[in-house]
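Take a look at the letters that make up each chain.
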Amino acid sequence: MDLPTLLTDRRMTRSFTGDPVDLDALTRACALALRAPTAGNCGGVRMTVVGPESVTGYLERATDPEWRAASRRVGGLSRAGALVVVTSRPTDYATRYGEPDKAASGLSDRDAWVVPYWHGDAGMATMALLLLVQDAGLGAALWGNFRHEDRVLEWLDAPGESLFATVFVGHPDRLDPPSSSRRRVVPSPAERVRRHGI
Ligand SMILES: Cc1cc2nc3c(=O)[nH]c(=O)nc-3n(C[C@H](O)[C@H](O)[C@H](O)COP(=O)(O)O)c2cc1C
């Protein structure tokens, strides 16, 4: 599929059939996605592929029992064929930006970053992965990190890393409960493009 079509057609998929995903192909897709730009050539993003038997274990760490009992989505998401947990290593960035060619930036202190580039790098690689998943005829749902980061990182054995997001990957069953976010009326992509001085 060509890139404009992939970008136009991509939507979050939040319910899966439970059919298997080729985990080796997904692992290769992660390596390809990690060709995304990386600030200062830090290479500080990691993608961990999680197999289907561990999706429930992930959900037990990332969510609360009350949410799982009440959620309309937990069944469909649990049928994902795999997860990709995207993490980054902030200390790699602070170290890199303390090197002689970058030291003038003043960014060797993690707290000095106006825009934490490790999140930017993680976002770029995640977008590339979403497009590769779409190109493979699969669906994906991105979950941001808003709670239980420590529990997820401990489960992954990734101490010191920063959890960016988790990508659920699988075969869409097209039974997604409607997304309240998608019902929001926002300016169209074309309306969000500005031109200045042209
Ligand atoms: C940083 C980030 C965090 C997100 N977190 C969640 C999430 O926790 N749960 C969820 O269902 N969707 C999440 N989404 C997906 C958005 O809700 C979705 O991209 C948006 O509603 C537009 O829909 P579309 O991607 O299908 O076009 C997240 C997206 C981004 C970029």
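Residues numbered from 1 in each chain as written. Predicted model: local features only at pLDDT ≥ 70, side-chain atom pairs only at ≥ 80, totals over all residues.

(A) Expanded view of the site of the ligand. Around the ligand, the neighbouring residues are Arg11, Met12, Arg14, Ala141, Leu142, Trp143, Gly144, Ala165, Ser179, Ser181 and Arg182. Of all the secondary-structure elements, those providing two or more residues to the shell around the ligand are strand S3 (139-144) and helix H9 (180-183). At four residues, the largest contribution of residues to the shell around the ligand is made by S3. Across the shell around the ligand, the residue classes break down as five nonpolar, three polar and three charged. (Near = placed C-beta within 6 Å. Helix = DSSP H or I, 4+ residues; strand = E, 2+ residues; numbered from the N terminus. Nonpolar A, V, L, I, M, F, W, Y, C, P; charged D, E, K, R; others polar.)

(B) The arrangement of the environment of His119 in detail. Residue position: His119 is located in helix H7 (residues 117-135). Sequence separation between His119 and Leu34 is 85 residues; the distance between their C-alpha atoms is 13 Å.

(C) Highlighting the sheet that holds S3. The strand order across the open sheet formed by four strands is S1-S2-S4-S3, and the pairing between neighbours is antiparallel. Each edge of the open sheet is held by one strand with a lone partner, namely strand S1 (45-50) and S3. Each adjacent strand pair in this sheet contributes to an overall mean axis angle of 20°, direction not counted. Alignment of S3 against strand S4 (residues 162-170), held across six bridges, turns out to be antiparallel. Across the sheet, the residue bridging to Trp143 is Thr166, located in S4. Packed on one face of the sheet, H7 meets S1, strand S2 (82-88), S3 and S4 and runs near 5° to S4. Packed onto the sheet, helix H8 (residues 149-156) meets S1, S2 and S4 and runs at close to 70° relative to S4. (Pairing = 2+ DSSP bridges. Axes fitted to C-alpha atoms, helices over the stretch in contact; angles between N-to-C directions. Contact = placed C-beta atoms within 7 Å.)

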